[in-house]
Amino acid sequence: MEAFYRPDPADPALFHSTELTRGPWSPDAQHAGPPSALLGHVIERCEPRPGFRVGRVAVEILGPVPIAPLRAEARVVRPGRSVELIEATVATDRGPVLKANAWRLRVADPEIEVPADAVAVGAYPGPDTVPHSGEFPSNQPVGFHTGIDYRFVAGSFQQPGPAVCWIKLRYPIVAGTTPSPLERALAAADSGNGVSAVLDWERYLFINTDLTVTLHREPVGEWVCLDAVTYPERSGIGMAESRLYDEKGPVGRSTQTLLIGNR
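Rules used throughout
- Residues numbered from 1 in each chain as written.
- Predicted model: local features only at pLDDT ≥ 70, side-chain atom pairs only at ≥ 80, totals over all residues.
- Heavy atoms only, no water.
- Helix = DSSP H or I, 4+ residues; strand = E, 2+ residues; numbered from the N terminus.
- Rg over C-alpha atoms; globule rule 2.2 N^0.38 Å.
- Contact = heavy atoms within 4.5 Å.
- Areas by Shrake-Rupley, 256 points an atom, 1.4 Å probe, with all protein chains shown as cover.
- Lys, Arg positive; Asp, Glu negative; His and termini not counted.
- Charge placed at Lys NZ, Arg CZ, Asp CG, Glu CD.
- 1 Å grid on protein atoms, 1.4 Å probe; cavity = no way out; pocket = protein on both sides within 12 Å on 5 of 7 lines; lining within 4 Å.
- Points joined across faces, edges and corners; volume = space filled by probe spheres on them.
- Nonpolar A, V, L, I, M, F, W, Y, C, P; charged D, E, K, R; others polar.
- Axes fitted to C-alpha atoms, helices over the stretch in contact; angles between N-to-C directions.
- Parallel < 35°, antiparallel > 145°, perpendicular 65-115°, else oblique.
- Left-handed = near helix turned anticlockwise from the far one by under 90°.
- Salt bridge = Lys/Arg side-chain N within 4 Å of Asp/Glu carboxyl O.
- Phe/Tyr/Trp six-rings, centres within 6.5 Å; stacked < 30°, edge-to-face > 60°.
- Buried < 20%, exposed > 50% of the residue type's maximum accessible area, 1.4 Å probe, protein only.
- Lys NZ or Arg CZ within 6 Å of the ring centre and 35° of its normal.
- Patch = residues over 30% accessible without salt bridge, like charges linked within 9 Å, V, L, I, M, F, W, Y side chains within 5 Å.

1. Some thoughts on the overall build of the protein
Thinking step 1. Within the protein one finds 3 helices and 13 strands.
Thinking step 2. For 263 residues, the compact-globule formula gives about 18 Å, and the C-alpha radius of gyration of the protein, at 18 Å, lands near that figure.
Thinking step 3. If you line up the protein on its principal axes, its C-alpha atoms span 50 × 50 × 40 Å.
Thinking step 4. Here the analysis covers contacts within the protein between residues at least 6 apart in sequence; of these, 66% occur between residues at least 24 apart.
Thinking step 5. Summed over its atoms, the accessible surface of the protein is roughly 12,800 Å², and 52% of this surface lies on carbon and sulfur atoms.
Thinking step 6. Side chains of the protein carry 25 positive and 31 negative charges; the gap between the two charge centres is 3 Å.

The structure is reproduced here in structure tokens:
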């Protein structure tokens, strides 16, 4: 089965990267979406507790992630009755390349009575109503861009500025598993700076140093929608922000800090 990572049969913490993880900046480096989703994969499997779910994941990207075997591990660093903090890392044989902190919270049972006008509502045209449009700006035949399906409601890779884009994984993050809502959200959210790029891909780099995803509701279904905007500055430091949706409505938000420079 095609997948972004293949688990090592002899070592449950070792994952073999496939070419589907390749990003747009270097043929030898991964897009940050797949390893962020891999962090989500191990976080959810770390001492799982019924009635709890992850509400926020903050990923720090410590350097380029090579297309190589990765060790992904997680541990509870702050246990609690209602809230707990999980720490996770992705490392090569040379050391960590990503780390993350995740808050896992107890889900209310019974549900809390929230006023109807306080619940986030609204939705975009569904992915089935818009065509696959535009080519991903990469000259690589295989990479993250071939491992996802993307459909723009507004904007495109060729049209600079804010964009609304549906993203779906074509393959599992880890072979032999079904991507969870958290994995899908993390993999999609890291494309916020790409779908809403305001600078020429051929002339500039706009690489994110981090990814923070907060989910007030778990995404339902295979598709995650990004309503994304990028804020570049002449200082070379920027930010991308995305409102996240599924076909039922809002699910959360994500942010990325950007390093902007000439290629």
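2. A few points about empty space enclosed by the protein
In this approach the atoms are scanned with a rolling probe the size of a water molecule, which exposes any empty space left behind.
Thinking step 1. The tally for this structure, following the rule as stated, stands at 1 cavity of 30 Å³ or more.
Thinking step 2. Its boundaries defined by the atoms lining it, the largest cavity holds a volume of some 30 Å³.
Thinking step 3. A197, V198, L199, F206, T230, P232, L258 and I260 are the residues that line the largest cavity.
Thinking step 4. Its residues placed into classes, the lining of the largest cavity shows 7 nonpolar, 1 polar and no charged.

3. Structural notes on the packing of helix α1 (residues 33-44) against helix α2 (residues 181-189)
Thinking step 1. Packing of α1 against α2 leaves a shortest axis separation of 7 Å and a crossing angle of 155 degrees. Classed by the angle they form, the pair α1 and α2 counts as roughly antiparallel. Crossing handedness for the pair α1 and α2: right-handed. Here G33, S36, A37, G40, H41 and E44 of α1 lie close against α2, whose contacting residues are L182, E183, L186 and A187.
Thinking step 2. Per-class residue counts for the contact of α1 with α2 are 4 nonpolar, 4 polar and 2 charged.

4. What about the pattern of salt bridges?
Thinking step 1. Summed over the entire model, instances satisfying the criterion amount to 11 salt bridges.
Thinking step 2. As a salt-bridge pair, R71 and D11 come within 2.5 Å of each other at their nearest N and O atoms. Residue R71 is found in strand β4 (residues 70-78), and its partner D11 is found in strand β2 (residues 11-17); the two are separated by 60 residues along the sequence.
Thinking step 3. A salt bridge links D149 to R151, with the nearest nitrogen and oxygen atoms 3.1 Å apart.
Thinking step 4. Shared partners join several salt bridges into a network, and the residues in it are R49, E84 and R104.

5. Quick word on the packing of aromatic side chains
Geometry of an aromatic ring pair is reported as the spacing of the ring centres plus the angle between the planes.
Thinking step 1. Tallying each qualifying case throughout the model produces 7 aromatic pairs.
Thinking step 2. On the basis of an interplanar angle of 85 degrees and a centroid distance of 5.1 Å, the ring pair of W25 and F206 is categorised as edge-to-face. Here the residue W25 occupies a position in the loop between β2 and α1, and F206 occupies one in strand β9 (residues 204-208), the gap between them amounting to 181 residues.
Thinking step 3. By relative accessible area, F206 is classed as buried at 4%.
Thinking step 4. Where W201 meets F206, the ring centres are 5.0 Å apart and the plane angle is 70 degrees; that geometry is what we call edge-to-face.
Thinking step 5. You can call W201 buried: its relative accessible area is 9%.
Thinking step 6. Through pairs of rings, three or more aromatic residues link up here, namely W25, W201 and F206.
Thinking step 7. Across from the ring centre of F52, 4.0 Å away, lies the NZ or CZ of R49, which sits over that ring.

6. Side note on the side chain of D190
Thinking step 1. Within the secondary structure, D190 is located in the loop between α2 and α3 (192-195).
Thinking step 2. The buried charged residue D190 lacks any salt bridge, with R263 as its nearest oppositely charged partner at 14 Å.

7. Examining a nonpolar patch on the surface
Thinking step 1. A contiguous nonpolar surface patch, about 410 Å² in accessible area, is contributed by I112, V114, V119 and V121.
Thinking step 2. Inspection of the secondary structure assignment puts V121 in the loop between β6 (95-106) and β7 (148-156).
Thinking step 3. Judged by relative accessible area, V121 falls into the exposed class, the value being 68%.

8. Some thoughts on the environment of I207
Thinking step 1. With respect to the helices and strands, I207 occurs in strand β9.
Thinking step 2. Judged by its relative accessible area of 30%, I207 falls in the partly exposed class.
Thinking step 3. Here I207 is in contact with W25, T257, L258 and L259, once residues within four sequence places are set aside.

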